[in-house]
Every structure is written in structure tokens, then in C-alpha cells.
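# Examination of the molecular architecture
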Amino acid sequence: MDFMDKMSEWAQKISDKTNEVVEIGKLHASNFSKNEKANELKKQIGEICFSKYRAGDELDPEIENLCAEIKKLKGQIAENERTIRRMKETANGTVDMAAAGFCPYCGADLAKDARFCARCGKEIVR
Ligand SMILES: [Zn+2]
């Protein structure tokens, strides 16, 4: 094998290696997007299960427990959002607590036009 043949063989090897690296890169990218898609589908399964749970359908106990945890978390999120609203409205001082729908004494939610707080019993002056 003369020098030029050797060079040519070497160039071919480099070319093969480069193509291999490109192929590996493509397979990685493909797997990444397939994984994303699989995770998205898992999320959709979760949404379907949670809807069924909320509709009162009977589910596998394991799934039901997880749904109950989600429900609890959603309740806590709603409670935190109410607290945030209350704190913001108290902080800027321009909004009347009772008008905003909260007892000014204990912070409980007030029914519209309630004259007394259902939680602490204090009279609501409007
Ligand atoms: Zn109250």
C-alpha cells in the first residue's frame, strides 16, 4: 500500500467515524424527544385518572391515594391563594376586608352580605 492509499484509507476512517458520531447525536436527540413525548403521555394518563377520581369513578387504590394527595395539595394551594389575597388587601390598606369577602377579625371567608362571621361569630360592620 503506497502513501496515497494509506492517506485515502485514513480519510475514509475519519469520515466513517464522523458519520458515526453524527448518527449517535441524532439517536440521542431522537431519544430525548421520545422521552419528552412519553412523559407528556404519562401526564395525560394522570389527568384522565384524576378526572375519573373527581367524577367519583372507582379506581385502583394506589391511584386513588395519589389522587387524594393531589386533591389535598389543590386545597392547600387554594387556601394559600386566599391568604395571599387577604394579605395583599390588608397591606395596601385601601380595601375593606369585609368588602373583599373576609372576616376582619379571623380572616375566614364571608358569605356575601353576612352580618356575622360563621367562624368567630363577630359582627361584620360594613
Ligand atoms: Zn371571623
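In what follows, the accompanying structure is described. Not measured: the values here are computed from a predicted model.

### Quick notes on the overall build of the protein chain
Scanning the protein chain for helices and strands turns up two helices and zero strands. Taken against the 2.2 N^0.38 rule, which gives 14 Å for 126 residues, the C-alpha radius of gyration of the protein chain at 31 Å runs more than 25% over that of a compact globule. Expressed along its principal axes, the backbone C-alpha trace of the protein chain runs to roughly 105 × 45 × 15 Å. Relative to its full complement of 126 residues, the protein chain shows a buried share of 3%. Taking as baseline every contact in the protein chain between residues at least 6 positions apart, the subset at least 24 positions apart corresponds to 8%.

### Re the environment of Asp 96
Note that Asp 96 resides in the segment after α2 (61-92). Distance in space between the C-alpha atoms of Asp 96 and Arg 126 is 8.5 Å, their sequence separation being 30 residues.

### Side note on helix α1 (residues 3-54)
Taking 1.5 Å per residue, 52 residues should reach 76 Å; α1 reaches 76 Å between its end C-alpha atoms and fits that length. A small share of α1 lies buried, amounting to zero of its 52 residues. Positioned one or two residues after α1, Gly 56 has a phi angle of 85 degrees, which is positive.

### Considering the environment of Pro 104
Structurally, Pro 104 is set in the segment after α2. Separated by 65 residues in the primary sequence, Pro 104 and Asn 39 place their C-alpha atoms 46 Å from one another. Ignoring anything within four residues of it in the chain, the contact list for Pro 104 reads Met 97 and Ala 98.

### Here's the deal with unusual backbone geometry
In the Ramachandran plot, Asp 113 falls in the positive-phi region, its phi being about 65 degrees despite a non-glycine side chain. Following the sequence through the fold, Asp 113 ends up in the segment after α2. Given 8 C-beta atoms within 10 Å, Asp 113 falls into the exposed group.

### Let's talk about the environment of Arg 86
Assignment of secondary structure puts Arg 86 in helix α2. A residue is classified by how many C-beta atoms lie within 10 Å of it, and Arg 86, with 19 of them, is partly exposed. A sequence separation of eleven residues divides Arg 86 from Met 97, and the C-alpha atoms of the two residues are 7.6 Å apart.

Reading the values: the criteria
Residues numbered from 1 in each chain as written. Predicted model: local features only at pLDDT ≥ 70, side-chain atom pairs only at ≥ 80, totals over all residues. Helix = DSSP H or I, 4+ residues; strand = E, 2+ residues; numbered from the N terminus. Rg over C-alpha atoms; globule rule 2.2 N^0.38 Å. Buried ≥ 20, exposed ≤ 12 C-beta atoms within 10 Å, placed from the backbone. Contact = placed C-beta atoms within 7 Å. Expected span 1.5 Å × (residues − 1).

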